[in-house]
Amino acid sequence: MKLFVFESSGFLNVGVTVDGLQININSLAEAMEHIEGKEAPYFDSVSSAIEQFDSIVKLIEWGKETFKDVFSTLFRVKRGKYYPPIDESSMVICLGKNYVEHAKETGGEIPEEPILFGKYARLAIGDTDTIIYPSWATRVDPEPELAVVIGRLCKDVEKENAMEYVFGYTIVNDVTERNIENKDVKKGLPWFRSKNFDTSLAIGPYIVTKDEINDPHNLFIELYVNGNLKQSGNTKDMIFKIDETISYISRYLTLLPGDIISTGTVPGILPVKAGDEISIKIDRIGTLTNKVKHDVDIG
């Protein structure tokens, strides 16, 4: 299944794609409440949908059985824009230099333990949204990354149990101001300002549940600029695998449903410019596409 965020009547709602159909699960819950005469669950955020996903599965089974042939007609979401599948209250934890060749191309040593930094969820944009090239920037790089979505409260977990806490996967573009990053690294300063600026976190288009992906450590990642392949790699080349990363992070932070771990970019980094279109493709997940515009051109 896929979990996505869409707009309906001026409000953002959570939907689920099942058997190729995009279903408005809150409309379905309202129908159940009316027919069954008892309170049904309501999903007002990505995290609440993840926490109650078992209820969503049962709700869909009930809907198919109750409405049969008209189920898809009554509850289908009309195809529209995908919004970022993340709550503003969620954490986004990113890994730096998690591929050997990327560590080399940025002039760094191979890390002995995961390098972590954060991005604010409120900076997130979704598929087809615009990445703003700031007027103060001199080099903006996209960074295509596999992102892991946490499914339940996760603290001090062992590596061998870590994958049990995964809900699913999505795509992240960790947009970076490279020259500022390099300047701050040389001074021994945090990466904060090079990683956190308006629209510097593109995410989506949706979350694919983990049962859809047998091996998250064998997925091709490709980045295209204006239709031309510019960056590619495979998640098998991660230095720190997903289970080890979750275990490591959970020593320091309590992870909650809907929190995201972005696992680092594959090698081949390059700058983009205003007017470019960036597409990131990851096997079994999909494509995240954003155009770049200079901030003075945003009207």
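Coordinates for the structure precede this section.
Quick look at the structure, then. As the structure is a computational prediction, the values presented were derived from the model and not from experiment.

1. Some remarks on the overall build of the chain
The secondary structure content of the chain amounts to eight helices and 17 strands. Over its C-alpha atoms the chain spans a radius of gyration of 20 Å, differing by no more than 12% from the 19 Å that the globule rule assigns to 299 residues. Across its three principal directions, the C-alpha atoms of the chain cover 65 × 50 × 30 Å. Each of the 299 residues in the chain was classed as buried or not, and the buried ones make up 55%. For the chain, the exposed area adds up to about 14,000 Å²; of that, 48% sits on carbon and sulfur atoms.

2. Digging into helix α6 (residues 178–186)
Taken together, the buried positions of α6 are Arg178, Ile180, Glu181 and Asp184. Mapping the buried residues of α6 onto a view down its axis gives an arc of 160 degrees, with all of them on the same face. Against β8 (140–141), β11 (176–177) and α7 (192–195) lie the buried residues of α6. The N-capping residue of α6, defined by a side-chain oxygen 2.9 Å from the backbone nitrogen of Asn179, is Glu177. One or two positions beyond α6, positive phi appears at Gly188, with a value near 75 degrees.

3. Remarks on the pairing of strand β9 (residues 144–150)
Residues in a regular strand point their side chains to alternate faces of the sheet. Within β9, seven of the seven residues are buried, which leaves the element mostly enclosed by the surrounding structure. Side chains of β9 alternate between two faces, with Pro144, Leu146, Val148 and Ile150 and Glu145, Ala147 and Val149 buried alike. Strand direction decides the pairing type here: β9 and strand β10 (residues 166–174), joined by seven bridges, are antiparallel. Bridge pairing links Ala147 to Thr170 in β10. Examined bridge by bridge, β9 and strand β15 (residues 260–265) share four bridges and lie antiparallel to one another.

4. Description of the pairing of strand β12 (residues 201–209)
Within β12, nine of the nine residues are buried, leaving the element largely enclosed by the surrounding structure. As defined by bridge partners, strand β1 (residues 2–8) adjoins β12 across two bridges and the pair is classed as antiparallel. Along β12, the bridge assignment pairs Lys2 with Val208. Inspection of the sheet shows strand β6 (residues 124–125) paired to β12 by two bridges, in the parallel sense. Across the sheet, residue Ile125 finds its bridge partner in β12, namely Ala202. As paired strands, β10 and β12 are joined by six bridges and run antiparallel to one another. Bridge pairing links Gly168 to Thr209 in β12.

5. Structural notes on helix α3 (residues 53–67)
The end-to-end C-alpha separation of α3 is 21 Å, in line with the 21 Å expected for 15 residues at 1.5 Å each. Taken as a whole, α3 has its buried residues at Phe53, Ile56, Leu59, Ile60, Trp62, Gly63 and Phe67. Take α3 and look down its axis: the buried residues cluster within an arc of 165 degrees, on one side only. In this structure, α3 carries Asp54, Lys58, Glu61 and Glu65 as exposed residues pointing more than 90 degrees from its buried face. Downstream of α3 by one or two residues, Lys68 has phi in the positive range, about 50 degrees.

6. Thoughts on the pattern of salt bridges
This model, assessed by the stated rule, comprises 14 salt bridges. The closest approach of N and O atoms between Lys104 and Glu101, which form a salt bridge, is 3.7 Å. Here Lys104 and its partner Glu101 are both found in helix α5 (residues 100–105), three residues apart, which amounts to about one turn of the helix. We classify Lys104 as exposed; its relative accessible area is 52%. Relative accessible area serves as the criterion here: at 45%, Glu101 is assigned to the partly exposed category. A salt bridge links Arg178 to Asp141; its shortest N-O distance comes to 2.8 Å.

7. Observations concerning the packing of aromatic side chains
Taken as a whole and assessed by the stated rule, the structure comprises eleven aromatic pairs. Note on Tyr82 and Tyr206: the rings are 5.5 Å apart at their centroids and 75 degrees apart in plane angle, and the pair reads as edge-to-face. Linking Tyr82 in the loop between α4 (71–75) and β4 (91–96) with Tyr206 in strand β12, this pair joins segments that are 124 residues apart in sequence. By way of ring pairs, the aromatic residues Phe4, Phe6, Tyr82 and Tyr206 are connected into one cluster. Above the plane of the ring of Tyr83 lies Lys81, whose end atom (NZ or CZ) is 4.9 Å from the centre. Positioned above the aromatic ring of Tyr224 is the side chain of Lys281, whose terminal nitrogen or guanidinium carbon lies 4.8 Å from the ring centre.

Calculation criteria
- Residues numbered from 1 in each chain as written.
- Predicted model: local features only at pLDDT ≥ 70, side-chain atom pairs only at ≥ 80, totals over all residues.
- Heavy atoms only, no water.
- Helix = DSSP H or I, 4+ residues; strand = E, 2+ residues; numbered from the N terminus.
- Rg over C-alpha atoms; globule rule 2.2 N^0.38 Å.
- Buried < 20%, exposed > 50% of the residue type's maximum accessible area, 1.4 Å probe, protein only.
- Areas by Shrake-Rupley, 256 points an atom, 1.4 Å probe, with all protein chains shown as cover.
- Arc of directions from axis to C-beta.
- Contact = heavy atoms within 4.5 Å.
- Polar contact = N/O pair within 3.5 Å; in protein donor to acceptor, adjacent residues only side chain to side chain.
- Pairing = 2+ DSSP bridges.
- Expected span 1.5 Å × (residues − 1).
- Salt bridge = Lys/Arg side-chain N within 4 Å of Asp/Glu carboxyl O.
- Phe/Tyr/Trp six-rings, centres within 6.5 Å; stacked < 30°, edge-to-face > 60°.
- Lys NZ or Arg CZ within 6 Å of the ring centre and 35° of its normal.

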